[in-house]
Amino acid sequence: QLLGYVTDALRDELLADSGFVLEAVAQEGSEVLNHASPKLRGDRAFILAAADSCLCRSEAVHYATEELQQEFFGDATFMLEEIQRTGLETLEEATEELRSN
């Protein structure tokens, strides 16, 4: 909501600042990631850090770039951890390739 009161340039700067966005995710939820800069949404370490503030880590992954989503949902280790945390329904997120293994 604060971002509605700042200039476009400042908003873009804030949404490209990982510390600012991570704090916003912690306070407001994963939806904030939808507004994060493409660079942040394509950064695996950033998405994992944001995921730590979410009930379900795959919730944060949904806001990652398409390429990074495929990487996460095709990563057997990540998916096994998610299944252990949230249950078998997480398999729906797995890539076709991973599901066929």
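As the structure is a prediction and not an experimental result, all values here were calculated from the model. (Residues numbered from 1 in each chain as written. Predicted model: local features only at pLDDT ≥ 70, side-chain atom pairs only at ≥ 80, totals over all residues. Heavy atoms only, no water.)

The subject of this paragraph is the overall build of the protein chain. The number of helices and strands found in the protein chain is eight helices and zero strands. Scanning the protein chain from its N terminus toward the C terminus, one meets helices and strands in the order α-α-α-α-α-α-α-α. Taken along the three principal axes of its C-alpha coordinates, the protein chain extends 50 × 25 × 20 Å. Looking at the protein chain as a whole, 35% of its 101 residues are labelled buried. For the protein chain, the proportion of contacts with a sequence separation of at least 24, taken over those separated by at least 6, is 37%. Carbon and sulfur atoms form 49% of the exposed surface of the protein chain, whose accessible area is close to 6400 Å². Taking the average place of the 7 positive charges on the side chains of the protein chain and the average place of its 21 negative ones, the gap between the two points comes to 2 Å. (Helix = DSSP H or I, 4+ residues; strand = E, 2+ residues; numbered from the N terminus. Buried < 20%, exposed > 50% of the residue type's maximum accessible area, 1.4 Å probe, protein only. Contact = heavy atoms within 4.5 Å. Areas by Shrake-Rupley, 256 points an atom, 1.4 Å probe, with all protein chains shown as cover. Lys, Arg positive; Asp, Glu negative; His and termini not counted. Charge placed at Lys NZ, Arg CZ, Asp CG, Glu CD.)

Each aromatic ring pair is characterised by the separation of its centres together with the angle its planes make. In this structure the tally under the stated criterion is one aromatic pair. Ring centres of phenylalanine 72 and phenylalanine 78 lie 4.9 Å apart, and the angle between their planes is 50°; on these two criteria the pair is classed as tilted. As far as the burial class goes, phenylalanine 72 and phenylalanine 78 line up, both buried. (Phe/Tyr/Trp six-rings, centres within 6.5 Å; stacked < 30°, edge-to-face > 60°.)

So, about helix α2 (residues 18-28). All of the buried residues along α2 are Val21, Ala24 and Val25. The buried residues of α2 occupy an angular sector of 100° when projected down its axis, which confines them to one face. Contact partners of the buried residues in α2: α1 (8-15), α3 (38-41) and α4 (44-51). Measuring from the backbone nitrogen of glycine 19 back to the side-chain oxygen at the start of α2 gives 3.0 Å, which picks out aspartate 17 as the cap. Just past α2, the residue glycine 29 takes up positive phi, approximately 110°. (Arc of directions from axis to C-beta. Polar contact = N/O pair within 3.5 Å; in protein donor to acceptor, adjacent residues only side chain to side chain.)

A few words on the side chain of threonine 95. The residue threonine 95 is located in the loop between α7 (76-86) and α8 (96-99) in this model. The contact partners of threonine 95, leaving out residues within four places of it in the chain, are Gln70, Phe73 and Gly74.

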